Amino acid sequence: MASQEIDALAQALSKLPGLGPRSARRVVLHLMKKRESVMQPLLRALENVNERLVTCENCGNIDTVTPCGICADPRRDSRSICVIEDVSDLWALERSRLFPGTFHVLGGKLSALDGVRPEDLNIDALVTRVAAGGIDEVVLAMNATLEGQTTAHYLAERLESYPIRLTQLAHGVPVGGELDYLDDGTLAQALRARRPVG
Ligand SMILES: [Zn+2]
């Protein structure tokens, strides 16, 4: 029905979250019809991001500069670190605009099932940041899943000897809930009502 190149594009798109083979084909058709107004700007945007994509050496965020835009922003409160599992959680918290501090992205969660160990996550860098001093509070904003809570517990142990306030999100995050899927109000409530760990 279509050339190899077009098929390859549809296949590549069908691997994106939320797109199956059918919707990928619709996207391809749309791109081809709107070559100048949609396909070419998309291509340039992809190239720009792809060329400059980098992991922040300080917090593990993915950005086009390192330190990332958040770490480099002098208006952020660098004495406060919110630890999250993934960049999607960082984006969710940024949408709520309620956390004025900086972040630390673990890049996953501890999982015996999937064989994810502490050394597989961006944990040592967090401990190094805290050990360097100048940190008042660390907020453990893990997902309210069993693995998220296991991860929070492990982090609490690793950080307990440092003179910081260690807090975690309050309930309001439903059990089994993932931050990225919460509405902003629920997330805001959970952040506002954060409580000491342990
Ligand atoms: Zn950063």
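As the structure is a computational prediction, the values presented were derived from the model and not from experiment.

Rules of the game
Residues numbered from 1 in each chain as written. Predicted model: local features only at pLDDT ≥ 70, side-chain atom pairs only at ≥ 80, totals over all residues. UniProt positions renumbered as here; feature names shortened; annotations may be inferred. Helix = DSSP H or I, 4+ residues; strand = E, 2+ residues; numbered from the N terminus. Core = buried A, V, L, I, M, F, W, Y, C linked by C-beta atoms within 7 Å. Buried ≥ 20, exposed ≤ 12 C-beta atoms within 10 Å, placed from the backbone. Contact = placed C-beta atoms within 7 Å. Expected span 1.5 Å × (residues − 1). Pairing = 2+ DSSP bridges. Right-handed = clockwise from strand over helix to strand, strands pointing away. Axes fitted to C-alpha atoms, helices over the stretch in contact; angles between N-to-C directions. Parallel < 35°, antiparallel > 145°, perpendicular 65-115°, else oblique. Left-handed = near helix turned anticlockwise from the far one by under 90°. Nonpolar A, V, L, I, M, F, W, Y, C, P; charged D, E, K, R; others polar. Domains from an automatic or database assignment.

A. Structural context of the UniProt feature "zinc finger region: C4-type" (unreviewed entry) in the protein chain. In the numbering used here, UniProt assigns the feature "zinc finger region: C4-type" (unreviewed entry) to residues 56-71. For the annotated span residues 56-71, helix accounts for 0% and strand for 12% of the residues, and the straight-line distance between the end C-alpha atoms is 8 Å.

B. Highlighting the nonpolar core. In this structure, Cys82, Val83, Ile84, Leu93, Val138, Leu140 and Ala141 are the most contacted members of the largest nonpolar core, which totals 33 residues. Of all elements in the fold, only β3 (77-84), α4 (87-96), β4 (101-105), α5 (124-131), β5 (137-140), α6 (146-159) and α7 (184-192) reach the threshold of two or more residues within this core. Once you skip the residues sitting within four places of it in the chain, Leu93 turns out to touch Cys82, Ile84, Phe99, Ala141 and Leu187.

C. Broad picture of unusual backbone geometry. Cis geometry is found at the peptide bond from Thr66 to Pro67, where omega equals -5°. Positive phi, close to 55°, is recorded for Arg97, a residue that is not glycine. Looking at where Arg97 falls in the secondary structure, it is placed in the loop between α4 and β4.

D. Inspection of helix α3 (residues 35-52) at higher detail. For α3, which comprises 18 residues, the first-to-last C-alpha distance of 24 Å matches the rise-based estimate of 26 Å (1.5 Å per residue) to within 8%. Among the 18 residues of α3, zero are classified as buried, and the element is accordingly described as predominantly exposed.

E. Just the pairing of β3, in detail. Pairing geometry for β3 and β4, over five bridges, is parallel. Looking at β4, one finds that Ile84 is bridged to Val105. On the question of chirality, the crossover connecting β3 to the parallel β4 by way of α4 is right-handed. Pairing between β3 and β5: four bridges, direction parallel.

F. How the structure looks around the packing of helix α1 (residues 4-13) against helix α2 (residues 21-33). Axis separation between α1 and α2 bottoms out at 8 Å; the angle between their running directions is 125°. Relative to α2, α1 is oriented oblique. Of the two possible hands of crossing, α1 and α2 adopt the one that is right-handed. In contact with Ile6, Leu9, Ala10 and Leu13 of α1, α2 contributes Ala24, Arg25, Val27 and Val28. Of the residues contributing to the contact of α1 with α2, the split by class is seven nonpolar, no polar and one charged.

G. Just the domain arrangement of the protein chain, in detail. Domain parsing of the protein chain yields domain 1 (4-52) and domain 2 (62-196). The distance between the C-alpha centroids of domain 1 and domain 2 comes to 33 Å.

H. Quick look at the environment of Arg117. Here Arg117 is to be found in the loop between β4 and α5. By the C-beta count within 10 Å, which is 10 here, Arg117 ends up exposed.

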